[in-house]
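Now for the letters of each chain:
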Amino acid sequence: MTRSHRTRRIAGAGAAAAVLALSACSASGPGASASAESGGQGVTGTVTVFAAASLKESFTTLGERFEEEHPGTEVAFSFGGSDGLAAGVNNGAPADVFAAASARTMKLVTDEGRTAGSPSTFVRNRLEIATVPGNPHAIDSLDDLTASGLKVVLCDRTAPCGAAARTALAAGGVELEPVSYEQDVKSALTKVELKEADAAVVYRTDVKAAGDKVEGVEFPESAEAVNDYPIARLENAPNPSAAKAFVALVKSPEGQEVLGRAGFLTP
Amino acid sequence: MTTGREAPRKARLRAPGRGVPLALLVPALLGLAFLLVPLIALLLRAPWRSLPEQLTSPEVWDALRLSLLCATTATALSLVAGVPLAWLLARTDFPGRGLVRALVTLPLVLPPVVGGVALLLALGRNGVVGQWLDAWFGVTLPFTTTGVVLAETFVAMPFLVISVEGTLRAADPRYEEAAATLGASRSTAFRRVTLPLIAPGIAAGAVLAWARALGEFGATITFAGSFPGRTQTMPLAVYLALQNDPAAAIALSLVLLAVSIAVLAGLRDRWMTAS
Amino acid sequence: MTGIEKDSEHVPDPAGAAEGLDARLVVDRGSFHLDVALAAAPGDVVALLGPNGAGKTTALRALAGLTPLSTGHLRLDGVDLRRTPPESRPVGVVFQDYLLFPHLTALDNVAFGPRCRGAGRTEARARAAEWLDRMGLAEHADAKPRRLSGGQSQRVALARALATHPRLLLLDEPLAALDARTRLEVRARLRRHLAAFEAVAVLVTHDPLDAMVLADRLVVVERGRIVQEGTPSDIARHPRTEYIAQLVGLNLYRGQAEGHTVRLDAGPAVSTTEDLSGPAFVAFPPDAVTLYRERPAGSSARNLWRCEVAGLETHGNRIRAELTGELALAADLTAVAAAELDLRPGAPAWAAVKATQTHAYPA
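Residues numbered from 1 in each chain as written. Chains lettered and ligands numbered in written order. Predicted model: local features only at pLDDT ≥ 70, side-chain atom pairs only at ≥ 80, totals over all residues.

- An unreviewed UniProt entry annotates chain B as Molybdenum transport system permease originating from Streptomyces caelestis.
- Its UniProt record gives chain B the following Function (unreviewed entry) comment, quoted word for word: "Part of the binding-protein-dependent transport system for molybdenum; probably responsible for the translocation of the substrate across the membrane." (UniProt positions renumbered as here; feature names shortened; annotations may be inferred.)

- Under an unreviewed UniProt entry, chain A has the name Molybdate-binding protein and belongs to Streptomyces caelestis.
- On record in UniProt, under Sequence similarities (unreviewed entry), the comment for chain A is "Belongs to the bacterial solute-binding protein ModA family."

Following this line, the structure appears as structure tokens:
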């Protein structure tokens, strides 16, 4: 028991190092001075947000809004796989906010008592089939993916999108052998964008973010595999007041509107 | 590289009054520690108790078998094409040789993932070359074991070329001249004289290439994807396991480590000191 | 100068079957310029003699086809070889350090040539075994080169070169890699093999003894040019450059002759027995020089010069003194004489040479 617990910490340490390196590079927004006074709410300085990769587009937009609304603040993002981010938080990475792509990954952090208060679900995401533009193989359902000669990629079961796809396939009673289990949702999507694969099962938000490089096909079984996205302030946050304000922005109607445009569903 | 050349150096270290200067010793030991401590940590924190159970899973053996098969095939491909390429670079003079040499070494500095994307663009189903392979022969390379071999060859061959080219440059070209005066054409001289002479360099290059191919991750997962038994090699399995089961990842790493050490030690004894 | 510069450079030899070697080797490489003409009949052994960097090895490589000719011609038994690649030339080479293939046994080294020239494996090996036997190396047939002594390696290299039945055998410093003792024995053996060789042999050496023992004819090359050629005894008697004089152990000077006196370019005059006029060489061997500590009062020698000892070295059981002063010269004397004269570097000395011991000839 203790042994496997310890090993997890080693693996996490590696991930944390990578995460720190990433966050150093991803500080966004204008180089506003951290000491500048904010608009009377006492929010100032840098707020560091660890967020799931699928949140990249919408959170970047929200970060800019936040900096506009609170002059003198700066939002530093670290986007990545929820597992790696959770490991980083547990190993003491100096983050203020954690937004995960699944309840399971958030639980890794709450189990260690690293969150301030309990996490709350702020959006949900559901699966869609991404096909090459024009959908030349006329894919209309999960069952169509089993057609012989069709090259389909799925996420590996260790990634949230892979776990969700398995649930959906099981719900539809579809047995599918993909050509590859990709390590995350973006690589799965890339294979379709490059037309190396004919279709992939990914998040609706990813299809939207890919623009006209892929075409999305909805399928009813996706309702069985909806991902909850929880967000939480962190116990050891260096900037608790800014963390509070950022979480508030995400949950506000304004934040929900931005997320909704990216294809996320309200909880 | 050969033990023959190392022997006098060791003797000098032991000679009385010839101490190793501190300015060399301290950084050398630091470097050694830096390389060894992570490996030791891996051993210390390995889930020894659950190891038997981890190692008996068929997935591990599938991944290991695939890794060894692909790395060995990639090394063979590298030898077939890389040795002549090294000869061309070392022994002939053609316009743009310097540029070709630089291009050959490019995969050494290219991030492997970029190499994988480049392979997709070249040999993928819609790639510059791949679309014709698909149209004329019905051959598609991504997501196949062949794709894994190609991705590994792409990153491993430069190691072999560089190593063999260096050996060729150091080898006395007059042996080839001697062969010529005895009536050997250039290709005969290469086959019967040069090749045996540079065998130790080729062996060293092949070992480097094999080791590089065995550890290949980025280009493989990008070009060939990941499917157990078909394209999921050990490094891919390790990476995916790391996401939710670090204990399994460490177990897999240990297997890879043990196999590499066994093969390299075996080769060193039998092959690299042979001539 | 060489006596073989025909005007037929671009015209094929009408007879078409002039046996032996007829070549003018011109190689331009940056600042180095080689231009030597060589002719030899089958059975001839020609030595290219010259100091390091004179271009001897370049000439050899040009003959073998390893270095391309800038211009000139190269005919062997009437066949133009200029455009023939080395592997197609009927030329065998013994390289300076032999270049035996280290991964092959002595037998396979010798069989290499016959194999490349089309013989089957068994036939090539049989022929190789025959050659090794002729060289007295039958019991070393299975040895790898690193197990062979210097002399044995040299013989394997010779067997390897001869096994292809070349019409031109080239030897680059064939004895240079050997120690003094083996050299004596190998030289004698090599002489027998070369004497028995029916085609043309050209050897390159900087050792006059090797050249004189092994070759019928010497061609002396300095700075890419032939400076003298002839039989060994001819060259030993009438050296025409400082280098050759030193090689054959003579003091050599150039000057203007007037009757029995040659006024040297270097300064003093030398009395001789020959009666000459015009440009001339004067030569005398070092052991013709007598040294004195004080100016000899009653010496009959008219050739007397005031010198200073520059250096001393042992030559066999003799001591050679290098002198500077009125005339730079080398003198040989016994160890006893050297001790009696208390010779040491910097010591003054008078050098005398009898006119009868000098030899003058037109330049």
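As for the overall build of chain A
Right, on to step 1. A count of helical and extended segments in chain A gives nine helices and 10 strands.
Right, on to step 2. Looking at chain A as a whole, 50% of its 267 residues qualify as buried.
Right, on to step 3. In chain A, the share of contacts with a sequence separation of at least 24, taken over all contacts with a separation of at least 6, comes to 79%. (Helix = DSSP H or I, 4+ residues; strand = E, 2+ residues; numbered from the N terminus. Buried ≥ 20, exposed ≤ 12 C-beta atoms within 10 Å, placed from the backbone. Contact = placed C-beta atoms within 7 Å.)

What about the arrangement of the chains?
Right, on to step 1. Ranking the two pairs of chains in contact by contact count places chains A and B at the top.
Right, on to step 2. In this structure chain A stays clear of chain C, and the shortest span between their C-alpha atoms is 49 Å.

What to know about the interface of chain B and chain A
For interface size, the figure often reported is the accessible area lost on association.
Right, on to step 1. At the interface, 24 residues of chain B touch 22 residues of chain A.
Right, on to step 2. Going through the elements one at a time, helix H13 (234-244) and helix H14 (246-272) of chain B are the ones with two or more residues in the side of chain B that touches chain A.
Right, on to step 3. Looking at which element gives the most residues to the side of chain B that touches chain A, the answer is H13 of chain B, with five residues.
Right, on to step 4. Grouping the amino acids of the side of chain B that touches chain A by side-chain chemistry returns 14 nonpolar, seven polar and three charged. (Nonpolar A, V, L, I, M, F, W, Y, C, P; charged D, E, K, R; others polar.)

Digging into the nonpolar core
Right, on to step 1. Ranked by size, the top nonpolar core spans 213 residues in total, and within it Ala 200 and Val 202 of chain A carry the most contacts.
Right, on to step 2. Ranked by residues supplied to this core, first place goes to helix H8 (residues 145-170) of chain B with 14 residues.
Right, on to step 3. When sequence neighbours within four positions are dropped, the list of residues in contact with Val 202 of chain A reads Leu 127, Glu 128, Ala 130, Cys 161, Val 185, Ala 188, Leu 189 and Val 207 of chain A.
Right, on to step 4. Grouped together as the second largest cluster of nonpolar side chains are 42 residues, Val 43, Ala 101, Ala 237 and Val 250 of chain A included. (Core = buried A, V, L, I, M, F, W, Y, C linked by C-beta atoms within 7 Å.)

What about the interface of chain B and chain C?
Right, on to step 1. With 15 residues of chain B in contact, the opposing surface of chain C contributes 17 residues.
Right, on to step 2. Put simply, the parts of the chain that give the side of chain B that touches chain C at least two residues each are helix H9 (174-181) and helix H10 (186-197) of chain B.
Right, on to step 3. Along the lines of polarity and charge, the residues of the side of chain B that touches chain C split into eight nonpolar, five polar and two charged.

Thoughts on the UniProt feature "transmembrane region" (unreviewed entry) in chain B
All names here are of chain B.
Right, on to step 1. In the numbering used here, UniProt assigns the "transmembrane region" (unreviewed entry) feature to residues 20-44, 64-90, 102-123, 135-164, 193-211 and 247-267.
Right, on to step 2. Span residues 193-211 is 95% helix and 0% strand, its end C-alpha atoms 28 Å apart.
Right, on to step 3. Split by type, residues 247-267 is 100% helix and 0% strand. Its first and last C-alpha atoms lie 30 Å apart.

Digging into the domain arrangement of chain A
Residues and elements named next belong to chain A.
Right, on to step 1. Partitioning chain A into structural domains gives domain 1 (2-124 + 228-261) and domain 2 (127-225).
Right, on to step 2. Taken residue by residue, the interface counts seven residues in domain 1 and nine residues in domain 2.
Right, on to step 3. Among the residues forming the side of domain 1 that touches domain 2, the class breakdown is two nonpolar, four polar and one charged. (Domains from an automatic or database assignment.)

Points about the sheet that holds strand S18 (residues 359-362) of chain C
Sheets are built from strands that pair by backbone hydrogen bonding, the pairs being arranged parallel or antiparallel.
All names here are of chain C.
Right, on to step 1. Read from one edge to the other, the open sheet built from three strands follows the order S11-S12-S18, with strand pairing classed as antiparallel. Edge strands, defined here as strands with exactly one partner in the open sheet, are strand S11 (251-264) and S18. Going across the sheet, the axis of each strand differs from the next one's by a mean of 40 degrees, ignoring polarity.
Right, on to step 2. Where strand S12 (residues 269-284) meets S18, four bridges bridge the pair, whose relative direction is antiparallel. By the bridge assignment for S18, Ala 280 is matched with Pro 362. (Pairing = 2+ DSSP bridges. Axes fitted to C-alpha atoms, helices over the stretch in contact; angles between N-to-C directions.)

Description of the UniProt feature "binding site: molybdate" (unreviewed entry) in chain A
All names here are of chain A.
Right, on to step 1. Taking the UniProt record as the reference, the feature "binding site: molybdate" (unreviewed entry) is found at Ser 54, Ser 82, Val 185 and Tyr 203.
Right, on to step 2. Of note, Ser 54 is situated in the loop between strand S1 (45-52) and helix H2 (56-69).
Right, on to step 3. Filtering out sequence-adjacent residues up to four positions away, Ser 54 remains in contact with Ala 101, Asn 125, Val 185, Tyr 203, Thr 205 and Asp 206.
Right, on to step 4. Locating Ser 82 in the fold gives a position in helix H3 (residues 82-90).
Right, on to step 5. When near neighbours in sequence (up to four residues on either side) are disregarded, Ser 82 contacts Ala 52, Ala 100, Ala 101, Ser 102, Thr 105 and Pro 160.

Re the packing of helix H4 (residues 150-162) of chain C against helix H5 (residues 180-196) of chain C
All names here are of chain C.
Right, on to step 1. Where H4 contacts H5, the axes come no closer than 10 Å and their chain directions differ by 20 degrees. Between H4 and H5, the interaxial angle falls into the category roughly parallel. At the point where H4 passes H5, the crossing takes the right-handed sense. Only Thr 182, Glu 185, Val 186 and His 193 of H5 make contact with H4, whose side of the interface consists of Gly 150, Gly 151, Gln 154 and Leu 158.
Right, on to step 2. Residues of the contact of H4 with H5, tallied by class, amount to two nonpolar, five polar and one charged. (Parallel < 35°, antiparallel > 145°, perpendicular 65-115°, else oblique. Left-handed = near helix turned anticlockwise from the far one by under 90°.)

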